[in-house]
Amino acid sequence: MASDIQHCVQTLRLKVKREGYAWLNAAAIEVNQVWNFSNAASYKAARPFSGQPRWLSAFDLDKLTAGATECFDHIGSDTIQRVNAEFATRRRQFKKAKLRWRVSQGPKRSLGWIPFKAVQLKRNGKSLRFAGKALRVFERALLEGAVWKSGCFAQDSVGDWWLCLPVAQQVVLSVAPQEVVGLDLGLRETVATSDGDKLEAGHFYRSIEGKIAAAQRRAHQRQAKRLHRTAARRRKDALHKFSRKIVNQYQTIKIGDVSSLKLAKTRMAKSVLDAGWGMLKAQLQYKGQQAGRCVLIVDERNTTRTCSSCWALTGPTGLDMLVVKTWVCSACGVTHDRNVNAGRNIRSAGRCPPSVCGNELPLIVAPPSQTSSRCEAGTSALKAAA
Ligand SMILES: [Zn+2]
C-alpha cells in the first residue's frame with residue numbers, strides 16, 4: 001500500500017461577527033464604485049468615438065485608479081488593485097467589452113464582495129486587522145498556522161458576511177480498499193451505488209416549502225431567505241458526507257452522464273435541482289483528485305433496461321415505467337432493484353467510450369482494470385445463452 005503526501009488548496013470559510021457588518025457594508029459600496037469605474041473606463045477605451053480601440057489590462061486600470069484611495073474611507077490601494085485584476089480576468093474570460101454593473105442599492109443589489117491581498121489581513125490578538133479595522137470571526141482556531149496569499153470578504157443572500165481564505169493544506173494519497181463502483185443518479189434516490197448503498201433524496205427544499213411560503217405571505221423576506229439557506233446547507237451536508245464515504249471506499253468511481261442542466265429545463269426541474277447531481281459530481285471530482293482516485297463519466301444509455309446478470313434488455317423503459325422500483329428479469333429470473341441494477345451496469349461500462357456530454361466536467365482517463373474482463377465474460381455468457 002503506497003501512500004504519498006500532496007498539497008492542495010482548500011478554502012476556509014469563517015463567519016464574521018456581527019459588529020463588523022456596518023463597516024463591511026460601507027466598504028462593499030466603495031468596491032462597487034471601483035468596479036463600475038473600471039467597467040466604464042475600459043468600455044470607453046474599447047469603443048472610442050475616434051482613434052484606435054484599446055483593450056485595457058489590469059495594469060492599465062491600476063494606473064487609471066492610482067491615488068483613488070484619497071476618495072475612499074474604508075478600502076486601500078491593495079483592494080483597488082485586486083478589484084481591477086478580477087475585473088480584467090472576468091472581462092477576458094467572457095470576451096465582453098462591458099460587464100454587468102455592481103449595484104449598491106435597491107432590490108437588484110449585488111451581494112457584497114471585498115477582495116484583498118495577504119499583507120492587508122493581519123492577526124491582531126483575538127481579532128483580525130483589515131485596512132485599519134479590527135474584525136472578529138467565529139471559529140478563529142482554524143486560522144492557527146494557516147498561511148494565505150489572498151482572499152475576500154463575501155456576503156450571502158441573508159446578509160451575513162464570510163471571510164474566505166484559500167489555504168494550502170496537506171493531504172495523504174492512499175489506495176482505497178475496494179476497486180470499482182458505479183453510481184446511478186436518480187430522483188427518488190439521489191444516488192444508488194452498484195453495491196446497493198443509497199442516498200435518499202432528502203427533499204431538502206420540499207420539506208420546508210410550506211414554511212417558506214408562509215414567511216413570504218407574511219412579507220418576512222429575511223426569514224424566507226434564511227429558510228432557503230437552511231435547505232441549501234442540509235443538501236450540501238448530505239452530499240458531502242456521501243461523496244466522502246464513496247471516495248474513501250473505492251479506487252475507481254464511475255458516474256452516469258445525466259445532464260442536470262438539460263433536465264432542469266423540464267417539468268422535473270424542482271426534483272432535479274433538489275437532488276443536487278451537479279454538486280455531487282463536482283465533489284466526487286475534486287475529492288477524488290485529491291485522494292488519487294479515478295473518476296469517470298460513462299454513457300448511461302440502456303443502463304436501466306439491461307439486466308446486470310444476463311445482459312438482456314428486459315428492464316422497464318419509457319416515462320410510464322418510472323414508477324417501477326423492482327422488476328424480475330424475464331430471461332434469467334433474477335429480481336432487480338431498478339437503481340442498483342443501473343449502478344451495476346454503469347460499473348461494468350468499462351468498454352464504452354467515456355461520454356463527452358456529462359455536465360461539462362473534465363475527464364480523467366481510467367487505466368484498464370478488471371472491468372474490461374468482466375464485460376467480456378458478460379458478453380460471452382450472453383452468446384452462450386443465445
Ligand atoms: Zn436477466
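### Observations regarding the sheet that holds strand β9 (residues 189–193)
The sheet built from five strands is open, its strands ordered β10-β9-β8-β11-β12 with mixed pairing. Either end of the sheet is taken by a strand with one partner, and the two such strands are β10 (198–200) and β12 (294–298). Shown here is a sheet whose adjacent strand axes are inclined to one another by a mean of 20°, direction ignored. Strands β8 (178–185), β9, β11 (250–256) and β12 of the sheet are contacted by helix α8 (residues 277–291), whose axis makes an angle of about 145° with β12. Sheet strands touched by helix α9 (residues 338–347): β8, β9, β10, β11 and β12. Its angle to β8, the strand with the most contacts, is close to 130°.

### What about the packing of aromatic side chains?
Applying the stated criterion to the full structure yields six aromatic pairs. Centre to centre, the rings of tryptophan 23 and phenylalanine 130 are 5.9 Å apart; their planes meet at 85°, and the pair counts as edge-to-face. Of the two residues, tryptophan 23 sits in helix α1 (residues 21–46) while phenylalanine 130 sits in strand β4 (residues 127–130), which places them 107 residues apart along the sequence. One exposure class covers both tryptophan 23 and phenylalanine 130, and it is buried. For the pair tryptophan 35 and phenylalanine 87, a centre-to-centre distance of 5.2 Å together with 90° between the ring planes defines the contact as edge-to-face. Here tryptophan 35 is found in helix α1, whereas its partner phenylalanine 87 is found in helix α3 (residues 77–94), with 52 residues between them in sequence. Taken together through their ring pairs, the aromatic side chains of Trp23, Phe116, Phe130 and Phe153 make up a single cluster. Looking at lysine 98, its charged tip hangs above the ring of tyrosine 43, at a distance of 4.9 Å from the centre.

### Notes on the coordination of the zinc ion
Note on the zinc ion: its protein donors are Cys307 (SG), Cys310 (SG), Cys329 (SG) and Cys332 (SG). The metal-donor distances range over 2.2 to 2.3 Å. Taken together, the four donor atoms coordinating the zinc ion and their angles of 106 to 113° define a geometry best described as tetrahedral. Overall, cysteine 307 belongs to the buried group, its relative accessible area being 0%. Among the residues examined, cysteine 332 registers a relative accessible area of 35% and is labelled partly exposed.

Parameters at a glance
- Residues numbered from 1 in each chain as written.
- Predicted model: local features only at pLDDT ≥ 70, side-chain atom pairs only at ≥ 80, totals over all residues.
- Heavy atoms only, no water.
- Pairing = 2+ DSSP bridges.
- Helix = DSSP H or I, 4+ residues; strand = E, 2+ residues; numbered from the N terminus.
- Axes fitted to C-alpha atoms, helices over the stretch in contact; angles between N-to-C directions.
- Contact = heavy atoms within 4.5 Å.
- Phe/Tyr/Trp six-rings, centres within 6.5 Å; stacked < 30°, edge-to-face > 60°.
- Buried < 20%, exposed > 50% of the residue type's maximum accessible area, 1.4 Å probe, protein only.
- Lys NZ or Arg CZ within 6 Å of the ring centre and 35° of its normal.
- Donors = N, O, S within 2.8 Å, 3.2 Å for Na, K, Ca; no water.
- Tetrahedral: all angles 85-135°; square planar, octahedral: opposite > 155°, others 65-115°.

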